[in-house]
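The residues making up each chain are set out below.
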Amino acid sequence: MLASLLLCVTALAQGIVIEVPGSADVPIAAPKPMVPSPFAEADTVWSTMWSDFDQSGYFRLQDPDGYLEKGKGVAPGEFDFQPWTTIKSSVLVKTRSYPPGHSACDPTRMCTDAYVYYVPTGETLMKKRFLGAPADARHIGHHIANEVLEAATGNSGIFGARLAAVNSQGGNKEIKLIDLDGQGIASVTRNGAINLSPAWSPDGGAIAWTSYKKANPDLYVKDLGSGRTRVISSVKGVNTSPAFSPDGSKIAFARSDGGDSDIFEADARTGKILRQVTKGGGIDISPVYLPDGSGIVFASERGGGSQIYLQPNRGEAKRISVAGDFNIDPVVSPDGSQIAWVGRSQGGFDIFVADIDGRNPLRITQDTGDNEDPTWSPDGRYLVFSSTRSGGSNLWVSTADGRHQRQITRGGGWTQPSFR
């Protein structure tokens with residue numbers, strides 16, 4: 001969707017501002033777009049872009065009411081940098097939007113020209129034109145924000161990314177798709193039952209989850225293109241917490257058949273059991289593959305309280321979590337260098353991040369209600385999780401170091417997010 005919106009590209013310089021998100025210390029100014037005449041889609045582009053800048057953790061947004069310059073141009077030579085140096089802007093983003101049919105644009109698509117400047121030197125970091133249908137104005141805003149972030153920091157943005165999550169606002173627990181900005185909600189399930197633990201296939205074409213639609217917690221996979229659903233595991237007992245292998249050919253999940261649950265691995269298309277990964281020793285649940293496929297991380301009660309373990313493809317399982325008496329829901333970063341999980345603390349449940357071997361643990365939430373269900377962004381710079389800090393359970397996004405956190409959903413009833 002986003003790639004199709006870009007018409008022409010002129011990237012002039014990259015990565016001169018900061019390197020990591022979370023500090024939110026780079027002052028950024030982004031005036032409302034210049035338009036030949038006001039139209040709603042231009043405002044949608046700008047407001048989406050502005051929200052993305054706030055969510056990113058890289059920038060300190062400067063209030064437009066404090067801008068000294070009013071109504072000047074956007075291209076080099078059309079305005080003076082002095083008003084922006086006076087308010088100590090570092091990055092300046094100027095946009096100009098045209099409605100479909102304008103002589104400077106396209107017969108059927110709207111156009112937005114975006115210019116990014118490094119104010120201290122007056123250097124142009126980027127100039128690009130973005131085209132798209134007016135109905136795609138929000139996607140255009142995400143695309144611009146991604147390009148601005150890359151031009152200013154050297155790092156690609158993830159705005160416009162998609163999540164799968166559990167939503168209970170309708171009275172049942174259904175699997176929904178939702179954009180990272182809380183918009184674009186669509187249903188994966190509509191069966192009126194309890195549906196849990198959504199997991200994306202690596203190519204984004206399918207989602208696995210557990211459903212009680214036949215009274216037993218069975219494991220399903222839905223092809224999002226065709227809408228076809230197939231059963232992966234339906235033994236009487238528990239079939240839950242699925243995770244696709246890095247190549248998408250296998251699914252690891254927790255299954256019980258008259259006893260404690262163990263981790264199994266099945267063919268992702270047929271459901272044929274390929275192997276039993278763990279055996280006995282307490283409840284084993286919530287498997288996730290290492291990115292290179294060399295092992296599976298999971299939570300287990302084999303040592304008493306629940307802890308996080310790594311089961312390599314060869315050898316014995318080893319414990320990763322080293323502190324606390326209850327640690328669950330592990331997720332491994334895309335590059336395999338870090339692991340996040342949920343730990344019980346005095347104030348409730350919190351999100352922890354550590355090196356993949358459990359060293360250097362960092363608590364990224366504290367004294368903010370219950371924080372659960374972490375999932376890594378594809379670039380490994382962010383975590384999305386559910387939190388009760390604002391009343392009800394909503395989705396939040398945080399930089400991996402916890403320094404910058406923003407609410408995604410409103411109204412409660414959102415849990416178990418899974419990043420596309």
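Just so it is clear, the structure is predicted and the values come from calculations on it, not from any experiment.

Rules used in this analysis
- Residues numbered from 1 in each chain as written.
- Predicted model: local features only at pLDDT ≥ 70, side-chain atom pairs only at ≥ 80, totals over all residues.
- Heavy atoms only, no water.
- 1 Å grid on protein atoms, 1.4 Å probe; cavity = no way out; pocket = protein on both sides within 12 Å on 5 of 7 lines; lining within 4 Å.
- Points joined across faces, edges and corners; volume = space filled by probe spheres on them.
- Helix = DSSP H or I, 4+ residues; strand = E, 2+ residues; numbered from the N terminus.
- Nonpolar A, V, L, I, M, F, W, Y, C, P; charged D, E, K, R; others polar.
- Buried < 20%, exposed > 50% of the residue type's maximum accessible area, 1.4 Å probe, protein only.
- Contact = heavy atoms within 4.5 Å.
- Pairing = 2+ DSSP bridges.
- Salt bridge = Lys/Arg side-chain N within 4 Å of Asp/Glu carboxyl O.
- Disulfide = S-S within 2.5 Å.
- Core = buried A, V, L, I, M, F, W, Y, C linked by side-chain atoms within 4.5 Å.
- Expected span 1.5 Å × (residues − 1).

(A) Representation of the layout of surface pockets in the model. Considering only enclosed or pocket space, the largest pocket measures out at about 1100 Å³ in volume. Mapped by element, the contributors of at least two residues to the lining of the largest pocket are β10 (195-200), β14 (238-244), β18 (284-289), β22 (327-332), β26 (371-376) and β30 (414-419). A class-by-class count of the residues in the lining of the largest pocket yields 25 nonpolar, 11 polar and four charged.

(B) The arrangement of the environment of valine 93 in detail. Its location among the elements puts valine 93 in strand β4 (residues 91-98). Take valine 93: its relative accessible area is 0%, and that puts it in the buried class. Taking the C-alpha atoms as reference, valine 93 lies 9.4 Å from methionine 126; in sequence the two are 33 residues apart. Dropping the residues within four chain positions of it, valine 93 is found in contact with Ile28, Ala29, Ala30, Pro31, Met49, Phe53, Tyr115, Val116 and Val148.

(C) Focus on the sheet that holds strand β25 (residues 362-363). Pairing in this open sheet of four strands is antiparallel, and the strands run β22-β23-β24-β25 from one edge to the other. Edge strands, defined here as strands with exactly one partner in the open sheet, are β22 and β25. Looking at chain direction, strand β24 (residues 348-355) and β25 are connected through two bridges and run antiparallel. Residue phenylalanine 352 lies in a different strand from β25, and its bridge partner there is arginine 363.

(D) Local environment of empty space enclosed by the protein. Applying the stated rule across the entire model yields one cavity of 30 Å³ or more. Taken as a whole, the largest cavity holds about 40 Å³ of empty space. Lining the largest cavity, in full, are Gln55, Gly157, Ile158, Phe159, Leu180, Tyr382 and Val397. Considering only residue class, the lining of the largest cavity consists of five nonpolar, two polar and no charged.

(E) Local environment of the pattern of salt bridges. With the rule as written, the count across this model stands at 18 salt bridges. The salt bridge partner of arginine 109 is aspartate 106, with a shortest N-O separation of 3.6 Å. When the shortest N-O distance is used, the salt bridge between glutamate 265 and arginine 275 registers 2.8 Å. Here glutamate 265, found in strand β16 (residues 262-267), pairs with arginine 275, found in strand β17 (residues 273-276); they are 10 residues apart in sequence, far enough to count as distant. Residue arginine 275 is classed as partly exposed on the basis of its relative accessible area of 29%. Connected through salt bridges with shared partners, the residues Glu78, Arg96, Asp113 and Arg129 form a single ionic network.

(F) Representation of the state of the cysteines within the structure. Across all of its chains, the model carries one disulfide by this definition. Across a sulfur-sulfur distance of 1.9 Å, cysteine 105 and cysteine 111 are joined as a disulfide pair. One disulfide, between cysteine 105 and cysteine 111, carries an S-S torsion of 95 degrees and so falls in the right-handed class.

(G) Broad picture of the nonpolar core. The biggest cluster of nonpolar side chains holds 53 residues, and the ones touching the most others in it are Phe53, Phe59 and Val93. Examining the composition of this core, we find that eight residues originate from one element, helix α3 (residues 137-153), more than from any other. In this structure phenylalanine 53 touches Ile28, Ala30, Phe59, Leu61, Val93, Ala145 and Val148, once residues within four positions along its chain are discounted.

(H) Just α3, in detail. In this model α3 runs 24 Å from its N-terminal to its C-terminal C-alpha over 17 residues, within 8% of the 24 Å that 1.5 Å per residue would give. The buried count for α3 comes to 16 of 17 residues, which makes it a mostly enclosed element. Directly after α3, the chain includes glycine 154, whose backbone phi takes a positive value near 85 degrees.

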